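For reference, the chains in residue letters:
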Amino acid sequence: MAQTAAPLVRAGDTPMLDFERPVVELERKIEELVRVSGGATELHPQIALLGARARELQQKIFAELTPWQKVQLSRHPARPYTLDYIERLVPDFIELHGDRRFADDPAVVGGFGTFAGMPVLVVGHQKGRSTKEKVQRNFGQPKPEGYRKAQRLMELAARTRRPILCLIDTQGAYPGVDAEERGQAEAIATSLEIMAGLPVPIVCAVIGEGGSGGALALGVANRILMLEYATYSVISPEGCASILWRDDGKKAEAAAAMKMTATDLLRLGVVDEVVPEAPGGAHRDHDLSARNLGEALRRHLAELLLMAPEALRNDRYQKFRHMGAFVESGDKAAPTPA
Amino acid sequence: MAWYKREDREDDLSEEKRSVPAGVFTKCPGCRAVLDTDNLNKNHNVCPQCEHHFPLASARRLELILDPGSFVEADATIESVDPLGFRDSKKYGDRLRAARRVSGGADAVRAGSGRIEGTPVEIGVFVFEFMGGSMGSVVGEKVTRIFERALERRAPALVFSASGGARMQEGVLSLMQMAKTSAALGRLREVGLPYISVLLNPTTGGVAASFAMLGDVILAEPKALIAFAGARVIQNTIRQRLPPGFQRAEFLLDHGFLDKIVHRNQTRATLASLLKLLGPRAQS
């Protein structure tokens, strides 16, 4: 589904969402004040006061974020992407390329490196930062070869008994003629089946957008983590609005109705843990957000490493086996009203 | 009952109608012929002139495919709830009630056990009339149980899919059904029991991107629409005209994603042969 970019207000070099503006403007004033004060101590109390006010304002705004605002944060152009986390958490990462069938898909990155003192496979969706890189990475929307590369690397990790970490950040699998011709549906489906059967620990984290089947294809894990302002849904709010409301302007309503925020998913029992982001969102401090994510990944991985291969497969099977909500009556004649 | 039922032209993707022929006469969207609806019904809703496959109700599909009297329905009392309290222009609860009324069924798939020329199978048939055959928790659960029953009873599995994809009204829980069903299928595959997937018009989205495209053998009805992303979404993305026959069964066969396109009147015979060739071997 084609998505409209979040409405950005541009001030200087920093892309900014409209609800971030009051805080960022206040911070600009503080910087200005620091600059003009030139180290003069008489302005320090005032600067400290303004700093406290900025933090307070941010807390207040972020405590009352709507689901749609969280969607915007999950798509924030300055948000850390998969390679930003890898750079901070897996310094000796070696990226491996290609599906050995057709091509290398730059919208999915994968490779091995050391995490928490052990060799692991990391696979994730990758969006681009510059316009050129965005195009090269197809805006983080994988084609079948991206999923087939992930399958190849995951099967290698399974054979060599390496744990797998998956970072999810895509608006969805690419809806294009070439992707359909090469079997987008088959590629995603096969990823789901393969991941379900792997005998090694799998931890995934939704770090930005968890867009539908294209996200889930890296998400069949023993543990599912989600960053505080990440989203995960069956369809984009724009897509849902255009189908169910017949009006893609109703995206905010759709975002609320679909219950797609991290806290919603925790409540629905889909997500195991919500990982806190830097105050004001992960894009405000890539290092802090990466440390938080690293800590959570390490903790879950440590628990899973105690389990035998068959137990890991079983654990993953049971996790997804219990997802869903329905009623079942033993008596055919008396259906339970919804 | 309408005196005259017009079907939209088949090449008009966005407006393609799915209703079962109901009037005294039905116009064929394939060849524009005006057909006697009784004759059409006798031919299992296939146009006798151009072989256009009209939709076929799930009960009639089961009759056509299985040995007479062999079907034992399972899990008929699983019903959808409204886990999100979802409401768009209508409440999800109201949509469910309306769908139950229209389809006469509890949800978008019927499941059970039966036999095809004596071979026991675990079978599922989608009910497209129920909210476009969309997969929510109930569909996911019933399909998962088909694979689990097949494993337990050492029987092949068979699913006739017709679905617009995941059911938006159950949000991410619908999405998770893709993983749940595919995981269950993985277990069946590990013990070497075959799963035959038959794709009907249309099979798209989250159903295509899970168990429907995972068949050990994948069959499809002629001209069935089979896709991950819908034509309109693709057109909005690439802003180009789509190639002729795009995402039709014949297109998928050409690209290597189907084993065989089978005429509705040949399906039972084809399945019977495949089950004999691939099913569990009789103890001798």
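Note that the coordinates shown come from a computational prediction; the quantities given were computed from them, not determined experimentally. (Residues numbered from 1 in each chain as written. Chains lettered and ligands numbered in written order. Predicted model: local features only at pLDDT ≥ 70, side-chain atom pairs only at ≥ 80, totals over all residues. Heavy atoms only, no water.)

Draft legend 1. Fine view of the pattern of salt bridges. Residues and elements named next belong to chain A. Using the criterion set out here, one finds 43 salt bridges over all chains in the structure. Between Arg 21 and Glu 25 there is a salt bridge, with the nearest N and O atoms lying 3.0 Å from each other. Taken together, the residues span about one helical turn, with Arg 21 and Glu 25 both in helix α1 (residues 21-37) at a distance of four residues. Judged by its relative accessible area of 36%, Arg 21 is partly exposed. Glu 25 sits in the partly exposed class, given a relative accessible area of 37%. Of the charged contacts in the structure, one is a salt bridge between Asp 178 and Lys 143, with a shortest N-O distance of 2.8 Å. With a gap of 35 residues between them, Asp 178 in helix α7 (residues 177-181) and Lys 143 in the loop between α5 (131-136) and α6 (144-159) connect regions that are remote in the sequence. (Salt bridge = Lys/Arg side-chain N within 4 Å of Asp/Glu carboxyl O. Helix = DSSP H or I, 4+ residues; strand = E, 2+ residues; numbered from the N terminus. Buried < 20%, exposed > 50% of the residue type's maximum accessible area, 1.4 Å probe, protein only.)

Draft legend 2. Spatial organisation of the packing of α1(A) against helix α2 (residues 44-63) of chain A. Residues and elements named next belong to chain A. The contact between α1 and α2 brings their axes to 9 Å, and the two run at 165°. Of the possible angle classes, the one that applies to α1 and α2 is roughly antiparallel. Crossing of α1 against α2: the hand is left-handed. Facing Pro 22, Val 23, Leu 26, Glu 27, Ile 30, Leu 33, Val 34 and Ser 37 of α1, the residues of α2 in contact are Ile 47, Leu 50, Gly 51, Arg 53, Ala 54, Leu 57, Gln 58 and Ile 61. Classifying every residue of the contact of α1 with α2 by side-chain character gives 11 nonpolar, three polar and two charged. (Axes fitted to C-alpha atoms, helices over the stretch in contact; angles between N-to-C directions. Parallel < 35°, antiparallel > 145°, perpendicular 65-115°, else oblique. Left-handed = near helix turned anticlockwise from the far one by under 90°. Contact = heavy atoms within 4.5 Å. Nonpolar A, V, L, I, M, F, W, Y, C, P; charged D, E, K, R; others polar.)

Draft legend 3. Representation of the interface of chain B and chain A. The interface is formed by 64 residues belonging to chain B together with 55 residues belonging to chain A. Buried area between chain B and chain A, both sides added, is near 5,100 Å², and the carbon and sulfur share of it is 68%. Among the residues of chain B in contact with chain A, B:Thr77, B:Met168 and B:Phe228 are the three that bury the most area, contributing 14% of the side total. Counting every contact that joins chain B to chain A gives five salt bridges. Where A:Arg321 meets B:Glu141, a salt bridge forms, and the shortest distance between an N and an O atom there is 2.9 Å. Our count for the contact surface shared by chain B and chain A stands at 17 residue pairs in polar contact (both at pLDDT 80 or more). Secondary-structure elements contributing two or more residues to the side of chain B that touches chain A are β5 (78-80), α3 (92-103), α4 (137-153), α5 (171-190) and α7 (231-238) of chain B. At 18 residues, α5(B) tops the list of elements feeding residues into the side of chain B that touches chain A. Its residues assigned to classes, the side of chain B that touches chain A shows 33 nonpolar, 15 polar and 16 charged. Where strand β11 (residues 326-328) of chain A and β5(B) come together, three bridges link them in antiparallel fashion. Looking at β5(B), one finds that A:Val327 is bridged to B:Glu79. (Buried area = accessible area lost by both parts, 1.4 Å probe. Polar contact = N/O pair within 3.5 Å; in protein donor to acceptor, adjacent residues only side chain to side chain. Pairing = 2+ DSSP bridges.)

Draft legend 4. Quick peek at the domain arrangement of chain B. All names here are of chain B. Per the domain assignment, the segments making up chain B are domain 1 (22-54) and domain 2 (56-283). The distance between the C-alpha centroids of domain 1 and domain 2 comes to 24 Å. Listed by partner, the interface residues are eight residues for domain 1 and eight residues for domain 2. Summed over both sides, the interface of domain 1 with domain 2 buries roughly 750 Å², with 43% coming from carbon and sulfur. If you sort the residues of domain 1 by the area they bury against domain 2, His 44, His 53 and Phe 54 come out on top, with a joint share of 65%. Across the domain 1-domain 2 interface, the total number found is zero salt bridges. On the surface where domain 1 and domain 2 come into contact, there are eight residue pairs in polar contact (both at pLDDT 80 or more). (Domains from an automatic or database assignment.)

Draft legend 5. Just the nonpolar core, in detail. Core analysis: the largest hydrophobic core is formed by 168 residues, its most contacted members being A:Tyr232, B:Phe147 and B:Phe211. Tallying contributions element by element places α5(B) first for this core, with 10 residues. Excluding residues within four positions of it along the chain, A:Tyr232 makes contact with A:Ile168, A:Val206, A:Gly210, A:Ala215, A:Leu216, A:Met226, A:Met260, A:Leu265, B:Val172, B:Leu175 and B:Met176. Counting eight residues, the second-largest nonpolar core is a separate cluster that includes A:Ile61, A:Phe62, A:Leu65 and A:Tyr229. (Core = buried A, V, L, I, M, F, W, Y, C linked by side-chain atoms within 4.5 Å.)

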